[in-house]
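Structural features, examined
Residue-level listing of the chains:
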Amino acid sequence: MSEDENRLRLGVNIDHVATVRNARGGSWPDPVRAAKLAERAGADGITAHLREDRRHITDPDIEALAETLTVPLNFEMAATDEMQAIALRHVPHAVCIVPEKREERTTEGGLEVAKDENRLAHFIAPLRDAGCRVSIFIAADRKQIEAAHRIGAPVIEIHTGAYCDAHAEGRFADRDAELERIRDMAAFADSLGLEVHAGHGLGFETVGPIAAIPQVKELNIGHFLIGEAIFSGLDNAIAHMRRLMDAAR
Ligand SMILES: CC(=O)[C@@H](O)[C@H](O)COP(=O)(O)O
Ligand SMILES: NCC(=O)COP(=O)(O)O
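Residues numbered from 1 in each chain as written. Chains lettered and ligands numbered in written order. Predicted model: local features only at pLDDT ≥ 70, side-chain atom pairs only at ≥ 80, totals over all residues. Heavy atoms only, no water.

- As annotated in an unreviewed UniProt entry, the protein chain is Pyridoxine 5'-phosphate synthase from Pontivivens ytuae.
- Recorded in UniProt for the protein chain, the comment headed Function (unreviewed entry) runs: "Catalyzes the complicated ring closure reaction between the two acyclic compounds 1-deoxy-D-xylulose-5-phosphate (DXP) and 3-amino-2-oxopropyl phosphate (1-amino-acetone-3-phosphate or AAP) to form pyridoxine 5'-phosphate (PNP) and inorganic phosphate." (UniProt positions renumbered as here; feature names shortened; annotations may be inferred.)

**Looking at the site of ligand 1**
- Inspection of the region around ligand 1 gives Asn 13, Asp 15, His 16, His 49, Arg 51, His 56, Glu 76, Val 98, Thr 106, Thr 107, Phe 137 and His 200 as its neighbouring residues.
- For ligand 1, an oxygen atom lies 3.1 Å from a polar atom in the side chain of Asp 15.
- In this structure, Thr 106 approaches ligand 1 through a side-chain N or O atom, which is 2.6 Å from an oxygen atom.
- Out of a free accessible area of 340 Å², ligand 1 has 92% covered by protein chains.
- Class assignment for the residues of the shell around ligand 1 results in 2 nonpolar, 7 polar and 3 charged. (Near = heavy atom within 4 Å. Polar contact = N/O pair within 3.5 Å; in protein donor to acceptor, adjacent residues only side chain to side chain. Areas by Shrake-Rupley, 256 points an atom, 1.4 Å probe, with all protein chains shown as cover. Nonpolar A, V, L, I, M, F, W, Y, C, P; charged D, E, K, R; others polar.)

**Overview of the UniProt feature "binding site: 1-deoxy-D-xylulose 5-phosphate" (unreviewed entry) in the protein chain**
- In the UniProt entry, the feature "binding site: 1-deoxy-D-xylulose 5-phosphate" (unreviewed entry) is given for Asp 15, His 16, Arg 51, His 56 and Thr 106. For this annotated set, covering 92 residues, all C-alpha atoms fall within 12.2 Å of each other, a compact arrangement in space.
- On the basis of relative accessibility, which here comes to 4%, the residue Asp 15 falls in the buried class.
- Every residue in contact with Asp 15, bar those within four places of it in the chain, is listed here: Thr 47, Ala 48, His 49, His 56, Ile 57 and Glu 76.
- With respect to the helices and strands, His 56 occurs in the loop between strand S2 (45–49) and helix H4 (59–68).
- Every residue in contact with His 56, bar those within four places of it in the chain, is listed here: Asp 15, His 16, Ala 18, Thr 19, Arg 21, Asn 22, His 49, Arg 51 and Asp 61. (Buried < 20%, exposed > 50% of the residue type's maximum accessible area, 1.4 Å probe, protein only. Contact = heavy atoms within 4.5 Å. Helix = DSSP H or I, 4+ residues; strand = E, 2+ residues; numbered from the N terminus.)

**Considerations on the sheet that holds S2**
- Overall, parallel pairing links the 8 strands, which are arranged S1-S2-S3-S4-S5-S6-S7-S8 in a closed barrel. Taking each pair of neighbouring strands and ignoring which way they run, the sheet shows an average axis angle of 25°.
- Alignment of S2 against strand S3 (residues 73–77), held across 4 bridges, turns out to be parallel. Pairing of Thr 47 across the sheet is with Asn 74, part of S3.
- Against the sheet, helix H7 (residues 142–150) contacts strand S5 (133–138) and strand S6 (155–159), and its axis sits at roughly 160° relative to S5. (Pairing = 2+ DSSP bridges. Axes fitted to C-alpha atoms, helices over the stretch in contact; angles between N-to-C directions.)

**Focus: the site of ligand 2**
- As a structural note, the neighbourhood of ligand 2 is formed by Asn 13, Thr 47, Glu 76, Phe 137, Glu 157, Gly 199, His 200, Gly 201, Asn 220, Ile 221, Gly 222 and His 223.
- One of the side-chain nitrogen or oxygen atoms of Glu 157 is found 2.6 Å away from a nitrogen atom of ligand 2.
- Between an oxygen atom of ligand 2 and a main-chain N or O atom of His 223, the distance comes to 2.8 Å.
- Calculation on ligand 2 without its partners gives an accessible area of 310 Å², and the protein chains cover 93% of this total.

**Notes on the packing of aromatic side chains**
- Under the counting rule described, the total for this entry stands at 1 aromatic pair.
- Residues Phe 204 and Phe 224 carry aromatic rings whose centres are separated by 4.7 Å and whose planes lie at 70° to one another, so their mutual orientation is edge-to-face. Here the residue Phe 204 occupies a position in the loop between strand S7 (195–199) and helix H10 (207–211), and Phe 224 occupies one in helix H11 (residues 223–232), the gap between them amounting to 20 residues.
- The exposure class of Phe 224 is partly exposed, given its relative accessible area of 26%. (Phe/Tyr/Trp six-rings, centres within 6.5 Å; stacked < 30°, edge-to-face > 60°.)

**What to know about the environment of Asp 190**
- Positionally, Asp 190 belongs in helix H9 (residues 172–191).
- Given the relative accessible area of 37%, Asp 190 is considered partly exposed.
- It is 18 Å that separates the C-alpha atoms of Asp 190 and Asn 220, two residues lying 30 residues apart in sequence.
- In this structure, Asp 190 is in contact with Val 196 and Gln 215, ignoring residues within four places of it in sequence.

Right, dumping it as structure tokens:
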């Protein structure tokens, strides 16, 4: 296996550049400019979440990203007909199916695959057949991982939010328990032949133990990097994150 194939990939999520832009309703800062900067800074991919309420990334953003990126686009989307049609129009490198609730501040939980297997199996089939790498954003839960495997998803992305929240709130025993659960479920998913990714809430203080999990092949990180960019620049924030990821392997 080439060194590249072993490299832990970093997907930079640029949603919250659009959050800042939308705060004034104008066109600055441009998420696409941020994506191009992230590419130059070493991002292995760009992740963008087109939410149903378009609170940050918009349809023109996705159009522009699909046209200009030179690294893979990971299109995060809810399991709706509207989003499926948009994905099939652009055929991004990857799609990640995520749960959405209008009232949530951010993605709170993983997709409830186990309760919706038949619909989701039919939902992802045309995306997979079109050539998109289909990922399911789920909790570190055996039942959900088994269901993701049964519906034919080749990739899962483990939600690291509970782990990161516990760290931020000083609940270190909870944090360590969450980390153990993520480690166990990454190994279990790998044993089923699933490719394992992880993301949500990761920052400089929390990325190391997740990056050290050998079965994890890709991290998607956004909110922390965009926040850190305010202080040190997006390129420096990405470079620092990259160093921490490499040091953990
Ligand atoms: C699925 C996921 O964890 C991220 O894409 C996250 O959803 C970022 O977008 P929000 O901050 O709008 O939740
Ligand atoms: N799927 C996770 C992602 O894309 C980035 O999440 P966050 O770092 O913005 O919380």
